[in-house]
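Next come the chains, spelled out residue by residue.
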Amino acid sequence: MSKTIAIDGPSASGKSSVSKGVAAELGFIYVDSGALYRGVTWQAVRKGVDVTNAEAVVNLLHDSDWDFFIQDGASTFSIDGDVPVQELREKEVRENVAHVAVIPEIRKFVVESLQSLEHFGSLVMEGRDIGTVVFPDSPYKFYLDADPEERAMRRYRELVAAGESEKAEEVMESLKKRDKIDSTRKVDPLTVAPGAQVIDSTSMSLEEVIQTVVNFVRAD
Ligand code: DC
């Protein structure tokens, strides 16, 4: 029987690395739910649609053709025949995605699309509302957390490794802002799902966190 593992948590809590590691170890499909919000945003940006105009973004979504498939063990999608990957990480998308992610019709599309991925097989899905909204009935729900200072340091190191010249204090500030937006927004705020296992990774290695999740799922 296929299983779905939900991994939620704040920015830079290590969700992506943990989810990818768990998926690789268990042979499950990795799903980055944020990529779908980024995909809608990318489509709006390239079509010149104002992301603060919810109606225009929703109309654009209705006029776009999405297709989901599995590539290299991860769920992927095309929009009107194009497969955005690096494009989803571009600055314009990063800076506009928060507007798109609060539009209820867009959330409905993303949530239903994520739920439909179960037909591909067992999944490890990372996000903000996977255990609370997308798969609330999953017995494998995790909430990854870490101290804000530790998360800021991790994000800072990632940015430096990617060649960006950001200051550590600015990364801390932007992370605090993101935390506040994510946990106080009206639609699907970031909260610990009932029954979720909370993992504080502040002083754990990536491998330890992956093994904690894998052992829990295997013990079932
Ligand atoms: O995790 P990320 O940075 O790729 O997320 C991009 C945006 O989408 C961010 O504004 C949070 C939002 N998001 C969400 O609301 N729910 C999810 N399950 C995943 C992402």
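An account of the accompanying structure is given in this report. These figures come from a predicted structure and were not determined experimentally.

## Here's the deal with the packing of helix α2 (residues 34-47) against helix α3 (residues 54-62)
Point 1. One way to put it is that α2 packs onto α3 with a least axis distance of 10 Å and a crossing angle of 100 degrees. In this view, α2 runs roughly perpendicular relative to α3, as classed from their interaxial angle. Along the contact surface, α2 presents Val-40, Gln-43, Ala-44 and Lys-47, while α3 presents Val-57, Leu-60 and Leu-61.
Point 2. When grouped by side-chain class, the residues that make up the contact of α2 with α3 number 5 nonpolar, 1 polar and 1 charged.

## A word on the site of the ligand
Point 1. Taken together, 14 residues lie around the ligand, and Arg-38, Arg-107, Arg-128, Asp-129 and Arg-185 are the ones closest in.
Point 2. One of the side-chain nitrogen or oxygen atoms of Asp-129 is found 2.8 Å away from a nitrogen atom of the ligand.
Point 3. Elements represented by at least two residues in the shell around the ligand include exactly α2 and α4 (91-100).
Point 4. Here the residues of the shell around the ligand are counted per class, giving 5 nonpolar, 3 polar and 6 charged.

## Observations regarding the layout of surface pockets
Remark: the empty space left among the atoms is shown by a probe the size of a water molecule rolled over them.
Point 1. Approximately 180 Å³ is the volume found for the second largest pocket.
Point 2. If you go around the second largest pocket, you meet 13 residues; those closest to its centre are Thr-4, Glu-118, Asp-137, Ser-138 and Pro-139.
Point 3. Across the lining of the second largest pocket, the residue classes break down as 6 nonpolar, 3 polar and 4 charged.

## Here's the deal with a negative patch on the surface
Point 1. Side chains of Asp-63, Asp-65, Asp-67 and Asp-80 sit close together on the surface and give a patch of like negative charge.
Point 2. With respect to the element layout, Asp-67 can be found in strand β3 (residues 66-71).

Here is what the cut-offs are and how they apply
- Residues numbered from 1 in each chain as written.
- Predicted model: local features only at pLDDT ≥ 70, side-chain atom pairs only at ≥ 80, totals over all residues.
- Heavy atoms only, no water.
- Axes fitted to C-alpha atoms, helices over the stretch in contact; angles between N-to-C directions.
- Helix = DSSP H or I, 4+ residues; strand = E, 2+ residues; numbered from the N terminus.
- Parallel < 35°, antiparallel > 145°, perpendicular 65-115°, else oblique.
- Contact = heavy atoms within 4.5 Å.
- Nonpolar A, V, L, I, M, F, W, Y, C, P; charged D, E, K, R; others polar.
- Near = heavy atom within 4 Å.
- Polar contact = N/O pair within 3.5 Å; in protein donor to acceptor, adjacent residues only side chain to side chain.
- 1 Å grid on protein atoms, 1.4 Å probe; cavity = no way out; pocket = protein on both sides within 12 Å on 5 of 7 lines; lining within 4 Å.
- Points joined across faces, edges and corners; volume = space filled by probe spheres on them.
- Patch = residues over 30% accessible without salt bridge, like charges linked within 9 Å, V, L, I, M, F, W, Y side chains within 5 Å.
- Areas by Shrake-Rupley, 256 points an atom, 1.4 Å probe, with all protein chains shown as cover.
- Salt bridge = Lys/Arg side-chain N within 4 Å of Asp/Glu carboxyl O.
- Lys, Arg positive; Asp, Glu negative; His and termini not counted.
- Charge placed at Lys NZ, Arg CZ, Asp CG, Glu CD.

Remember that the coordinates give geometry; whether it matters functionally is a separate question.
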